[in-house]
Amino acid sequence: MQLATIIKAQDTLGPMSAKRSNAPTLLDCERVSKIYHGRQGPVIALEEIDLTVPRGEFLSVVGPSGCGKTTLLNLVAGLERVTGGRLSVSGEVLNAPLTDVGIVFQDATLMDWRTVLDNVMLQVEVRRLPVEPYRARALDLLSNLGLEGFLDAYPSQLSGGMKQRVSIARALVHKPSLLLMDEPFSALDALTRDKLNVDMQALCLAEETTTLFITHSITDAAFLGDRVVVMTPRPGRIAEIIDIDLPRPRPLALRETPQFGEYTGRIRTIFESAGVL
Amino acid sequence: MGQALQRNDGAGAPAKARGTRRRARLSERVGDIAYPVGTIVAILVIWEIACRQFDIPAYLLPPPSSVLATIVARYDLLAMHTLVTTGEILVGFLLSIVVGVVLALLITSFRPVERAIYPLLVISQAVPKVAIAPLFIVWLGFGWEPKVLVAVLIAFFPIVVDLVAGIRSVPSSMRKLALSMGANAYVTLYKFLIPHALPHLFAGLKVGVTLAVSGAIIGEFVGADRGLGYLLLFANGQMDTNLLFAAIVVLSVIGVVLFYLLLLIEAWLLPWHQTQQSPEN
């Protein structure tokens with residue numbers, strides 16, 4: 001995985017934190033805005049988002065509810081249109097749902113009528129990809145995620161953490177350029193979450209997929225991300241982008257170290273000064 | 001969420017759990033049959049004893065034994081009328097599935113259709129079907145058509161309402177997922193929306209099938225020269241309460257058999273849903 005990161009010069013920050021990477025750009029946001037026209041007049045969900053994500057990066061986006069982070073994910077997935085600025089993926093401006101993508105939602109969103117393996121293979125069926133090679137890959141991913149004994153189980157027989165693992169395998173099986181995760185661990189208990197953090201990191205190191213990880217957990221964001229985009233609400237905007245210069249693979253114990261605490265402390269300070277905390 | 005299998009159980013545990021679960025389900029099945037059958041037998045026994053003990057005249061309330069004797073003695077007559085009515089019920093029910101499913105798909109796919117049709121659907125249910133059945137006789141004559149039409153008119157409604165509710169209950173994340181996979185409208189419908197809505201559809205079908213029985217009988221009451229509804233009125237006119245009860249018994253059996261056939265089809269089509277409903281979850 002490309003650990004080197006790039007930060008595009010940003011209005012609020014200035015060019016001082018710019019760091020170059022030789023990886024080509026996958027996602028490019030230039031002054032992206034999103035305004036909803038509600039009954040009480042226009043609501044600015046996102047204001048002037050500038051963000052460049054190179055291929056292979058794991059980018060965390062952290063912020064409180066209402067900071068527009070899910071809106072950002074919907075825009076990147078092409079499920080909603082920008083109302084200002086320019087958003088491009090692989091150099092192309094989106095005007096239809098992005099399909100070179102895997103999405104993991106907060107709720108695992110499994111098909112209750114399909115077994116674990118068939119849920120992962122849904123991705124392959126709908127895309128009309130050749131079944132055999134992708135079936136092998138699905139089995140591979142599921143066994144990496146510790147689900148080899150549950151291939152024929154139905155979702156109703158699985159725990160919350162296992163369901164989310166299935167949905168992660170489904171999001172990766174077709175080797176998408178971009179993995180979008182919308183608060184994937186927020187419905188899970190703390191221990192399941194820690195375990196998934198570790199497994200997710202291992203998987204991303206192996207897959208080298210570019211990942212946009214939306215979360216409201218400062219710890220998860222810093223633990224997993226190459227960079228952390230810190231967002232503040234009303235209007236939703238980027239307060240700061242922080243490089244996490246910690247070696248991988250990162251063990252869970254890293255979270256108790258002073259270096260890690262420095263990063264999470266910085267993020268917390270941003271929220272405090274923005275009046276979020 | 002119920003009983004989640006633990007991850008560290010290993011591969012052997014699910015198989016073992018499935019074995020004990022199957023045994024539990026079997027005993028549950030036996031109970032499902034034994035309890036209602038026991039209740040019915042008890043009622044019949046009390047009924048029989050009461051009829052004999054208090055000398056209730058047969059034209060008021062014949063004892064079960066004499067109703068059974070009537071069913072055996074007039075088997076041919078009952079079979080002929082049963083065939084007619086069952087045909088009307090089945091045709092009516094199948095048509096109401098077609099009508100109900102098509103309407104539900106139109107309503108959930110096109111907003112203008114929903115706004116145009118939905119109020120009419122509600123109005124169509126507010127009109128008492130017994131009241132318009134004579135009109136169908138005028139239009140369609142005394143054959144099977146008006147009976148089927150009444151059956152459809154009553155039975156399609158719960159099918160539409162439940163299927164619409166089922167498709168509406170598809171979570172937005174599932175629709176987003178379909179879009180991200182590049183699924184077109186057709187694939188979205190048959191890989192995502194319809195399977196998700198199937199349990200709701202079956203809830204509507206179960207209500208619909210019993211209503212189709214009522215619909216066919218109402219149609220026969222209004223104007224017919226055959227069918228169990230006709231037989232009921234005929235027996236009534238003859239003060240033949242034994243035959244009246246015999247017809248009622250046959251009608252109930254038709255309703256129960258159709259209902260349980262649906263349950264079987266449901267269990268076969270939705271094994272995943274049955275496991276969710278099983279009591280140990």
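Residues numbered from 1 in each chain as written. Chains lettered and ligands numbered in written order. Predicted model: local features only at pLDDT ≥ 70, side-chain atom pairs only at ≥ 80, totals over all residues.

1. Points about the overall build of chain B
Consideration 1: If you tally the helices and strands in chain B, you get 11 helices and zero strands.
Consideration 2: When the helices and strands of chain B are placed in sequence order, the string is α-α-α-α-α-α-α-α-α-α-α.
Consideration 3: The burial tally for chain B puts 30% of its 281 residues in the buried class. (Helix = DSSP H or I, 4+ residues; strand = E, 2+ residues; numbered from the N terminus. Buried ≥ 20, exposed ≤ 12 C-beta atoms within 10 Å, placed from the backbone.)

2. Regarding the overall build of chain A
Consideration 1: Tallying secondary structure elements over chain A gives seven helices and 10 strands in all.
Consideration 2: For 277 residues, the compact-globule formula gives about 19 Å, and the C-alpha radius of gyration of chain A, at 18 Å, lands near that figure.
Consideration 3: Sequence-distant contacts, at least 24 apart, represent 71% of the contacts inside chain A between residues at least 6 apart. (Rg over C-alpha atoms; globule rule 2.2 N^0.38 Å. Contact = placed C-beta atoms within 7 Å.)

3. A word on the nonpolar core
Consideration 1: Membership of the largest hydrophobic core comes to 133 residues, with the highest contact counts inside it found for Val-76, Ala-169, Leu-180 and Leu-212 of chain A together with Ala-151 of chain B.
Consideration 2: Here the element with the most residues in this core is helix H6 (residues 145-168) of chain B; it accounts for 16 residues.
Consideration 3: When sequence neighbours within four positions are dropped, the list of residues in contact with Leu-212 of chain A reads Leu-59, Val-61, Leu-73, Val-76, Leu-178, Leu-180 and Met-181 of chain A. (Core = buried A, V, L, I, M, F, W, Y, C linked by C-beta atoms within 7 Å.)

4. A look at the interface of chain A and chain B
By a widespread convention, an interface's size corresponds to the accessible area lost as its parts come together.
Consideration 1: In this assembly, 27 residues from chain A lie in contact with 23 residues from chain B.
Consideration 2: For the side of chain A that touches chain B, the elements supplying multiple residues, two or more each, are strand S6 (101-104) and helix H2 (116-126) of chain A.
Consideration 3: The element that contributes the greatest number of residues to the side of chain A that touches chain B is H2 of chain A, accounting for three residues.
Consideration 4: Considered class by class, the residues forming the side of chain A that touches chain B number 16 nonpolar, eight polar and three charged. (Nonpolar A, V, L, I, M, F, W, Y, C, P; charged D, E, K, R; others polar.)

5. Considering the pairing of strand S4 (residues 84-89) of chain A
Residue and element names in this part refer to chain A.
Consideration 1: Pairing of strand S1 (residues 25-38) with S4, which is carried by five bridges, proceeds in the antiparallel orientation. Its bridge partner lying in S4, Leu-27 is registered against Val-89.
Consideration 2: Sheet analysis places S4 next to strand S5 (residues 92-93), joined by two bridges and oriented antiparallel. Paired with Val-89 across the strands is Glu-92, a residue of S5.
Consideration 3: Adjacent in sequence and paired antiparallel, S4 and S5 are bridged by two residues, among which Ser-90 carries a positive phi angle near 50°. (Pairing = 2+ DSSP bridges.)

6. Some points on the environment of Thr-85 of chain B
Residue and element names in this part refer to chain B.
Consideration 1: Summarising the element assignment, Thr-85 is placed in helix H3 (residues 75-109).
Consideration 2: Its 27 C-beta neighbours within 10 Å are what place Thr-85 among the buried residues.
Consideration 3: Taking the C-alpha atoms as reference points, Thr-85 and Ile-254, 169 residues apart in sequence, are found 9.4 Å from one another.

7. Description of unusual backbone geometry
Consideration 1: Note the cis peptide between Arg-234 of chain A and Pro-235 of chain A, where omega equals -10°.
Consideration 2: With respect to the helices and strands, the residue Pro-235 of chain A is situated in the loop between strand S9 (227-232) and strand S10 (237-243).
Consideration 3: Residues Arg-248 of chain A and Pro-249 of chain A are joined by a peptide bond in cis, for which omega reads -5°.
Consideration 4: A positive phi angle, near 55°, is found at Met-239 of chain B, a position not held by glycine.
Consideration 5: Tracing the backbone through its elements, the reader meets Met-239 of chain B in the loop between helix H9 (228-237) and helix H10 (241-269).

8. Comments concerning the confidence of the model for chain B
Residues and elements named next belong to chain B.
Consideration 1: With 89% of its residues at a pLDDT of at least 70, chain B reaches an overall mean of 86.
Consideration 2: Low pLDDT, under 50, characterises residues 1-13; the stretch is placed with 14 contacts to residues that sit more than four places away or in other chains.
Consideration 3: Both confidence scores are given for the complex: pTM 0.80, ipTM 0.85. (pLDDT = per-residue confidence, 0-100.)

9. Focus: the sheet that holds strand S3 (residues 58-62) of chain A
All names here are of chain A.
Consideration 1: Strands sit in the order S6-S7-S8-S3-S9-S10 across an open sheet of six strands; the sheet is mixed. The open sheet has two edge strands, S6 and S10, and neither has a second partner. Within the sheet, the average angular offset between the axes of one strand and its neighbour, ignoring direction, is 15°.
Consideration 2: With four bridges connecting them, S3 and S9 associate as parallel partners. Looking at the pairing, Leu-59 lines up with Arg-227 of S9. (Axes fitted to C-alpha atoms, helices over the stretch in contact; angles between N-to-C directions.)

10. Considerations on helix H8 (residues 185-222) of chain B
Consideration 1: Its 38 residues give H8 of chain B an end-to-end C-alpha distance of only 44 Å, which falls more than 12% under 56 Å, the value for a rise of 1.5 Å per residue.
Consideration 2: Taking the largest bend as the criterion, H8 of chain B deviates by roughly 50°, centred on Leu-198 of chain B, and proline Pro-199 of chain B comes between one and four positions later. (Expected span 1.5 Å × (residues − 1). Bend = angle between axes of the 7 residues up to and from the residue.)

11. Describing the sheet that holds S4 of chain A
Consideration 1: The strand order across the open sheet formed by four strands is S2-S1-S4-S5 (chain A), and the pairing between neighbours is antiparallel. A strand with exactly one partner marks an edge of an open sheet, and here the two such strands are strand S2 (41-54) and S5 of chain A.

12. Quick look at the confidence of the model for chain A
Low pLDDT marks regions whose predicted coordinates should not be analysed in detail.
Consideration 1: Summary statistics for chain A give a mean pLDDT of 86 and a share of 92% for residues scoring 70 or more.
Consideration 2: Note that residues 1-20 of chain A has pLDDT below 50 and, in this model, 40 contacts with residues that lie over four places away or in other chains.

13. Topic: the packing of H3 of chain B against H8 of chain B
Residues and elements named next belong to chain B.
Consideration 1: As a packed pair, H3 and H8 sit with axes 9 Å apart at the nearest point and diverge in direction by 130°. By the angle class used here, H3 and H8 are oblique. As for the relative orientation of H3 and H8, their crossing is right-handed in sense. Within the contact between the two elements, H3 uses Thr-85, Glu-88, Ile-89, Gly-92, Phe-93, Ser-96, Ile-97 and Gly-100 and H8 uses Gly-204, Leu-205, Gly-208, Val-209, Ala-212, Val-213, Gly-215, Ala-216 and Glu-220. (Parallel < 35°, antiparallel > 145°, perpendicular 65-115°, else oblique. Left-handed = near helix turned anticlockwise from the far one by under 90°.)

14. Section: the packing of H8 of chain B against H10 of chain B
Residues and elements named next belong to chain B.
Consideration 1: Direction vectors running N to C along H8 and H10 enclose 165°, while the axes themselves pass 9 Å from each other. Here H8 is positioned roughly antiparallel relative to H10, judged by the angle of their axes. Crossing of H8 over H10 shows right-handed handedness. Where H8 abuts H10, its residues Leu-198, Phe-202, Leu-205, Lys-206, Val-209, Thr-210 and Val-213 lie against Leu-251, Ile-254, Gly-255, Leu-258, Phe-259, Leu-262, Glu-266 and Leu-269.

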